Amino acid sequence: MNRLERLQDLVRAARSAGAGAADALLASGTALSVQRRLGRIEHLERSEGLDLSLRVLVGGRQAIVSTTDPDPRGFQALAERAVAMARAVPEDRFAGLGAYHPFRPLDLELDDPAEPDADALLARAAVAEEAALAVPGVSNSEGAEAGFSRTAIALVTSDGFAGEYARSGHSLSVTALAGSGTGMERDYDYSSAVHLSDLEDPASLGRAAGERAVRRLRPARPRTARRTVIYDPRVAGSLAAHLAGALNGAAVARGTSFLRDSMGQRVLAAGLSLRDDPLRRRGLRSRPFDGEGMPGAALALVEDGILASWVLDWRSARQLGLASTGHASRGISGPPAPSTTNLWLDGGSGTPEALMADIGEGLYVTEMIGSGVNGVTGDYSRGASGFMIRDGELAEAVSGITIAGNLKEMFLNMAAAGDLRFRRGTDAPTLRVEGLTVAGS
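Below is a summary of the structure that appears in this document.

Reading the values: the criteria
Residues numbered from 1 in each chain as written. Predicted model: local features only at pLDDT ≥ 70, side-chain atom pairs only at ≥ 80, totals over all residues. Heavy atoms only, no water. Pairing = 2+ DSSP bridges. Helix = DSSP H or I, 4+ residues; strand = E, 2+ residues; numbered from the N terminus. Buried < 20%, exposed > 50% of the residue type's maximum accessible area, 1.4 Å probe, protein only. Axes fitted to C-alpha atoms, helices over the stretch in contact; angles between N-to-C directions. Left-handed = near helix turned anticlockwise from the far one by under 90°. Contact = heavy atoms within 4.5 Å. Nonpolar A, V, L, I, M, F, W, Y, C, P; charged D, E, K, R; others polar. Core = buried A, V, L, I, M, F, W, Y, C linked by side-chain atoms within 4.5 Å. 1 Å grid on protein atoms, 1.4 Å probe; cavity = no way out; pocket = protein on both sides within 12 Å on 5 of 7 lines; lining within 4 Å. Points joined across faces, edges and corners; volume = space filled by probe spheres on them. Phe/Tyr/Trp six-rings, centres within 6.5 Å; stacked < 30°, edge-to-face > 60°. Polar contact = N/O pair within 3.5 Å; in protein donor to acceptor, adjacent residues only side chain to side chain. Salt bridge = Lys/Arg side-chain N within 4 Å of Asp/Glu carboxyl O. Expected span 1.5 Å × (residues − 1).

1. Looking at the sheet that holds strand β8 (residues 273-276)
And then number 1: Pairing within the open sheet is mixed, and its five strands lie in the order β10-β9-β8-β13-β18. Edge positions in the sheet fall to β10 (306-307) and β18 (426-427), since each of these pairs with one other strand and no more.
And then number 2: Sheet topology places strand β13 (residues 343-346) next to β18; two bridges connect them, and they run parallel. Bridge pairing links Trp-344 to Asp-427 in β18.

Shown next, in the form of structure tokens:
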């Protein structure tokens, strides 16, 4: 099946049914995953799917219909239903297609031609789990899971855009248990990559998971106090995500962002920047064009602490009197909405050890629980676990605690180490935040 020709047929059907404008999206893919626990296969699954979406605009009204049937003989009826739906909904003066200009999408190396079979995935999971079980103090395993996926995306719009790309993904995760009875603790590690050659070593992941689980044994609950908090890189990305959420154009246009009036002002500590780049080669969230057919480009959202840009699709851009930043994301059943791609916070220097060397008594966070963030006020309250910091060194494990503060103040009182690694799609180095309330016993 020629995906672009099929979508062009669907868009033509929409125009003939009365749509003033239309776009069509096709997403198809395969996935294979296997889970191994204590030497036995616990789960093996392969899936294949295809979804087709049509968005029509009649004046300022829009509607979306979807199907899993790509047969063009049903396109006219599908388009007529979509147009009838659009005529029945309220008008949205900001709805519409993007302002498309021809461009040549880049090759971002998003498709690994190698496709592993179930045996290869099982062998990868086995190495990770055995490495975790070999760590002294590890008493059990929740298993290791390895997976592969490939997805093809195609988009056609009635104003002339037609593009497609394929994306592959390799993943591996492992979870280890330490201790016994009610004193058991768990921890994990994982890796995701577009190309298998970039996936992290399974044995290293397993050892890291096991060692982390053992170190968490016999946790205490510290007394409630205001403390300096260090965020490990695997949770520091959550702060970058909270900041990006406040820069989302839809939230800004609705007035529900605590940074809605902060453009051009300092929102991060000096030296720190928040960046997004959909064009990173082999990036976990890279894409040659966005959900409205706009080309991607590297974007500094915050530069040296100063707020420089919102994250915009065309609808939110029109609401704010701006232009899209090429950050429209969309699924099969919903309209485009602004979303980040490869997002990271940088600007730090030095080692994590240097970052906490002067802390007499603080907290080092390795895991976050829940999502207690108020997007309107910036109030922040999340469950956490990790380790106490005493005289600049990691000490006993702690759990059952809550960290509270306000994100506006947290971002201004933040420092970063220079250990940034691109592992998760949203990344940050080790971060230090002053003056947070740590609620324990």
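2. Focus on unusual backbone geometry
And then number 1: For Glu-109, which is not glycine, the phi torsion reads 55° and is therefore positive.
And then number 2: Relative to the helices and strands, Glu-109 is located in the loop between α2 (75-88) and α3 (118-133).
And then number 3: Phi is positive for Arg-218, which is not a glycine, with a value near 55°.
And then number 4: Along the chain, the position of Arg-218 falls in the loop between α4 (202-215) and β7 (225-231).
And then number 5: The exposure class of Arg-218 is exposed, given its relative accessible area of 70%.

3. Details of the packing of α3 against α4
And then number 1: Contact geometry of α3 with α4 gives a least axis separation of 7 Å together with a crossing angle of 35°. Between α3 and α4 the crossing geometry is right-handed. Note on element contacts: α4 touches α3 through Pro-202, Ala-203, Gly-206, Arg-207 and Gly-210, opposite Arg-124, Val-127, Ala-128, Ala-131 and Ala-132.
And then number 2: For the contact of α3 with α4, the class distribution of residues is six nonpolar, two polar and two charged.

4. Focus on the nonpolar core
And then number 1: In this structure, Tyr-231, Leu-239, Leu-274, Leu-345, Ile-403, Met-414 and Leu-431 are the most contacted members of the largest nonpolar core, which totals 49 residues.
And then number 2: In terms of residue count, helix α5 (residues 233-246) provides more of this core than any other element does, seven residues in total.
And then number 3: Filtering out sequence-adjacent residues up to four positions away, Met-414 remains in contact with Leu-239, Leu-268, Ala-269, Leu-272, Leu-345, Leu-431, Arg-432 and Val-433.
And then number 4: Counting residues in each nonpolar core, the second largest holds 25 residues, with Leu-4, Leu-10, Ala-22 and Ala-24 among its members.

5. A word on empty space enclosed by the protein
And then number 1: According to the stated counting rule, one finds two cavities of 30 Å³ or more in the structure shown.
And then number 2: Each pocket or cavity is described by its volume, and for the largest cavity that value is around 60 Å³.
And then number 3: Contributing to the lining of the largest cavity are Arg-55, Gln-62, Phe-94, Ala-95, Gly-96, Glu-292, Asp-313, Arg-315, Arg-318, Pro-335 and Pro-336.
And then number 4: Residue lining of the second largest cavity: Glu-185, Arg-216, Pro-219, Thr-366, Ser-385, Gly-386, Phe-387, Ala-397, Val-398 and Ser-399, and that is the complete set.
And then number 5: Here the lining of the second largest cavity is built from residues that sort into four nonpolar, four polar and two charged.

6. Notes on the packing of aromatic side chains
Each aromatic ring pair is described using two quantities: the centre-to-centre distance and the angle formed by the ring planes.
And then number 1: If you walk through the whole model with that rule in mind, you get six aromatic pairs.
And then number 2: Centre to centre, the rings of Phe-161 and Phe-289 are 4.9 Å apart; their planes meet at 65°, and the pair counts as edge-to-face. Pair noted here: Phe-161 is in the loop between β4 (138-157) and β5 (162-178) and Phe-289 is in the loop between β8 and β9 (299-303), with a separation of 128 residues, a long-range link. When sorted by exposure, Phe-161 lands in the same class as Phe-289, which is buried.
And then number 3: Relative to Tyr-190, the ring of Tyr-188 lies with its centre 6.3 Å away and its plane at 20°, an arrangement referred to as stacked.
And then number 4: On the basis of relative accessible area, Tyr-188 is assigned to the partly exposed category, the value being 21%.
And then number 5: Through successive ring pairs, a cluster of aromatic residues spans Tyr-100, Phe-103, Phe-161, Tyr-165 and Phe-289.

7. Considerations on the pairing of strand β19 (residues 431-439)
And then number 1: Across six bridges, the pairing between β7 and β19 is antiparallel. Its bridge partner lying in β19, Val-229 is registered against Val-433.
And then number 2: When strand β16 (residues 393-406) meets β19, the two strands line up antiparallel, connected through three bridges. Pairing of Ile-403 across the sheet is with Val-438, part of β19.
And then number 3: Both strand β17 (residues 414-416) and β19 contribute to a ladder of three bridges, which runs antiparallel. From the neighbouring strand, Ala-416 faces β19, where its bridge partner is Leu-431.

8. Considering the side chain of Ser-53
And then number 1: Note that Ser-53 resides in strand β2 (residues 40-58).
And then number 2: In terms of polar contacts, Ser-53 uses its side chain to reach the backbone carbonyl oxygen of Ile-332, at 2.7 Å.
And then number 3: Apart from residues lying up to four places away in sequence, Ser-53 is in contact with Leu-10, Asp-23, Ala-24, Leu-25, Ile-64, Val-65, Ser-66, Arg-330 and Ile-332.

9. What about the pattern of salt bridges?
And then number 1: Within the structure shown, the criterion is met by 31 salt bridges.
And then number 2: Across the salt bridge formed by Asp-189 and Arg-423, the nearest N and O atoms sit 3.3 Å from each other. Pair noted here: Asp-189 is in strand β6 (residues 185-193) and Arg-423 is in the loop between β17 and β18, with a separation of 234 residues, a long-range link.
And then number 3: Its salt-bridge partner being Glu-361, residue Arg-223 comes within 3.2 Å of it at the nearest N-O pair. With a gap of 138 residues between them, Arg-223 in the loop between α4 and β7 and Glu-361 in strand β14 (residues 361-373) connect regions that are remote in the sequence.
And then number 4: For Glu-361, a relative accessible area of 32% corresponds to the partly exposed category.
And then number 5: In this structure, a network of salt bridges that share partners links the residues Glu-142, Arg-186, Asp-187, Arg-216, Arg-234 and Glu-367.

10. A word on α4
And then number 1: With 14 residues, α4 ought to run about 20 Å at 1.5 Å a step, and its terminal C-alpha atoms sit 20 Å apart, in line with that.
And then number 2: When α4 is considered as a whole, its buried residues turn out to be Pro-202, Ala-203, Leu-205, Gly-206, Ala-208, Ala-209, Gly-210 and Ala-213.
And then number 3: Looking at the buried side of α4, the elements it contacts are α3, β4, β5 and β6.

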